[in-house]
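Coordinate analysis (summary)
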Amino acid sequence: MGGGATRLYRTLTQTLSSTRSPLCRPDPVDLLRQCQEALRDRPARFHRKLICLSDGDSTSSSPIRVMQWNILAQALGEGLDSFVQCPLEALSWSRRKYLILEEILTYRPHILCLQEVDHYYDTFQPVLAGLGYSSHFCPKPWSPCLDVEGNNGPDGCALFFDQSRFELLDSVNIRLSAIRIPTNQVAVVTTLRCRTTGRCLCVAVTHLKARSGWEWLRSAQGSDLLRHLQNLVQKHSSGPAGEPNTDIPLLICGDFNAVPTEEVYRRFATSPLGLDSAYKKLSQDGLTEPEYTTWKIRPTGECCSTLDYIWYSQDTLRVDAVLDMPTEEEIGPNRLPSFSYPSDHLSLVCDFSFKEKD
């Protein structure tokens, strides 16, 4: 990766040492340019377009950009996940960290929700803090990363927000339960106040149990998260006790490990919290999820599925734009991850705005 990587490493080192001084913050545009320079020998990036959905009269002048992404834990990518068509060099952290940062810097979300984060403390927290983000991290109690030799600690969920756009009101880490029994899956739930509008927003990031055969557990975990969210929204709202309150909009981002026909998806779609899935907006009928959010090849075969979602309060939030998906041709025959893309999951990016109150 040559001199570009050396210069970028120097910039990142300076970023890590200057996170407490806003006067020394790096320019994100320059940091993105240096990422691209360090990665100049890789194949072309996916050409994804932001599809605007609102007409000109209703488009917000200051939308809230949200990114949801399972970035693939480094220990799992090099160890347990067995991506048989992906060259080992493409899975190295020295390459992947720049690809991940490039993706984040390209779209520059105000709210960033990540799963499978096992380089929070040494990479993402300090680098993104240097760019003005505050964050919260919740590791899995029994992370499979810990079973991999040379691991960097447990993976978990991380939620970042742009401090110039939002003020922190509250944040809690939740260990999800099933039938009142704690499980290995977690969520971070953060309540924010928008500095532009003064309105509040409750954001959650989660990663539900993987693999087939565990549909019942994902459903139970989803129900537990919905219960927590209803209680948290109620705490920050003025509605009558015991009634679902939708005054505070919700954004729930996650790798649900569930296709749209699963029970946990139906629970979110029919929740009294009034949720809808933003990426359905890409379909012609507005009712259908994308064909895939993850596409990989393992020893057991090829997996092309929709597992990742951004749920939002449809009565109080409007979807203004959605980032489209790369084509099968762009992804390539060896699927994901690859030299072009650092994860087996695609990032989801949406622009939201608050609906006017009645």
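Preceding this paragraph is the structure being described.
In what follows, the accompanying structure is described. All of these numbers come straight from a predicted model, not from anything done at the bench.

Topic: the sheet that holds strand 13 (residues 308-313)
Judged by pairing direction, the sheet is mixed, and its six strands sit side by side in the order 6-7-8-9-13-10 without closing on themselves. Each edge of the open sheet carries a strand with a single partner, namely strand 6 (166-178) and strand 10 (275-277). Put simply, the sheet's adjacent strands are angled 20° from each other on average, direction ignored. Both strand 8 (residues 200-207) and strand 9 (residues 250-255) contribute to a ladder of six bridges, which runs parallel. Bridge pairing in strand 9 places V205 opposite C253.

Remarks on the packing of aromatic side chains
Inspection of every chain in the model, using the stated rule, returns 16 aromatic pairs. On the numbers, 5.7 Å between centres and 35° between planes, the contact of F268 with W311 is tilted. Of this pair, F268 sits in helix 7 (residues 263-269) while W311 sits in strand 13, and the two are 43 residues apart along the sequence. Side by side, F268 and W311 carry an identical accessibility label, which is buried. A centroid spacing of 5.5 Å and a plane angle of 50° characterise the contact between Y312 and F352, whose relative ring orientation is tilted.

Remarks on the environment of N184
For N184, the position within the fold is in strand 7 (residues 181-194). Along the primary structure N184 and K140 are separated by 44 residues, whereas in three dimensions their C-alpha atoms are 5.8 Å apart. In contact with N184, other than residues within four places in its own chain, are K140, P141, W142 and S143.

Considerations on the pattern of salt bridges
All told, the structure shown has 23 salt bridges when counted by the stated rule. A salt bridge links E262 to R218, with the nearest nitrogen and oxygen atoms 2.9 Å apart. Residue E262 is found in the loop between strand 9 and helix 7, and its partner R218 is found in helix 6 (residues 215-235); the two are separated by 44 residues along the sequence. For E262, a relative accessible area of 10% corresponds to the buried category. Here R218 falls in the buried class, since its relative accessible area comes to 1%. Two residues, E263 and R266, come together in a salt bridge whose shortest N-O distance is 3.0 Å. Of the two residues, E263 and R266 both sit in helix 7, three residues apart, roughly one turn of that helix. Where salt bridges share partners, they join R42, R45, R48, E102 and E103 into one cluster.

Things to note about the packing of helix 4 (residues 93-107) against helix 5 (residues 120-130)
Between helix 4 and helix 5, whose axes approach to 12 Å, the crossing angle comes to 35°. Relative to helix 5, helix 4 is oriented so that their crossing is right-handed. On helix 5, the residues that touch W93, I100, L101 and I104 of helix 4 are T123, F124, V127 and L128. Residue composition of the contact of helix 4 with helix 5, by class: seven nonpolar, one polar and no charged.

Things to note about helix 2 (residues 28-38)
Note: α-helices contain 3.6 residues per turn, so residues at a spacing of three or four share the same orientation. Regarding helix 2, the residues found buried are P28, L31, L32, Q34, C35 and A38. Projected onto a plane normal to the axis of helix 2, the buried residues spread over an arc of 160° and lie on a single side. The distance from a side-chain oxygen at the start of helix 2 to the backbone nitrogen of V29 is 3.1 Å, and the residue carrying that oxygen is D27.

Some words on the sheet that holds strand 2 (residues 64-70)
Read across the sheet, seven strands follow the order 1-14-15-2-3-5-4 without closing on themselves; strand pairing throughout is mixed. Edge positions in the sheet fall to strand 1 (50-52) and strand 4 (133-139), since each has one partner strand and no second. Ignoring strand direction, the axes of neighbouring strands in this sheet form an average angle of 25°. Note: strand 1 against strand 14 (residues 317-323), three bridges, orientation antiparallel. By the bridge assignment for strand 14, L50 is matched with L323. Against the sheet, helix 4 contacts strand 2, strand 3 (111-117), strand 14 and strand 15 (348-354), and its axis sits at roughly 160° relative to strand 2. Lying over the sheet, helix 5 contacts strand 3, strand 4 and strand 5 (156-162), oriented at roughly 160° with respect to strand 4.

Digging into the layout of surface pockets
Reported here for the largest pocket is a volume of approximately 760 Å³. Lining the largest pocket are 31 residues; nearest its centre among them are K209, A210, R211, N257 and R298. The biggest single contributor to the lining of the largest pocket is strand 12 (residues 301-305), with four residues. Partitioning the lining of the largest pocket into residue classes produces nine nonpolar, 10 polar and 12 charged. One number sums up the size of the second largest pocket: a volume of about 180 Å³. Lining the second largest pocket are 13 residues, and of these P28, R108, L131, Y133 and D162 sit closest to its centre. Secondary-structure elements contributing two or more residues to the lining of the second largest pocket are helix 4 and helix 5. Taken together, the residues that form the lining of the second largest pocket break down as eight nonpolar, two polar and three charged.

Cut-offs applied
Residues numbered from 1 in each chain as written. Predicted model: local features only at pLDDT ≥ 70, side-chain atom pairs only at ≥ 80, totals over all residues. Heavy atoms only, no water. Pairing = 2+ DSSP bridges. Helix = DSSP H or I, 4+ residues; strand = E, 2+ residues; numbered from the N terminus. Axes fitted to C-alpha atoms, helices over the stretch in contact; angles between N-to-C directions. Phe/Tyr/Trp six-rings, centres within 6.5 Å; stacked < 30°, edge-to-face > 60°. Buried < 20%, exposed > 50% of the residue type's maximum accessible area, 1.4 Å probe, protein only. Contact = heavy atoms within 4.5 Å. Salt bridge = Lys/Arg side-chain N within 4 Å of Asp/Glu carboxyl O. Left-handed = near helix turned anticlockwise from the far one by under 90°. Nonpolar A, V, L, I, M, F, W, Y, C, P; charged D, E, K, R; others polar. Arc of directions from axis to C-beta. Polar contact = N/O pair within 3.5 Å; in protein donor to acceptor, adjacent residues only side chain to side chain. 1 Å grid on protein atoms, 1.4 Å probe; cavity = no way out; pocket = protein on both sides within 12 Å on 5 of 7 lines; lining within 4 Å. Points joined across faces, edges and corners; volume = space filled by probe spheres on them.

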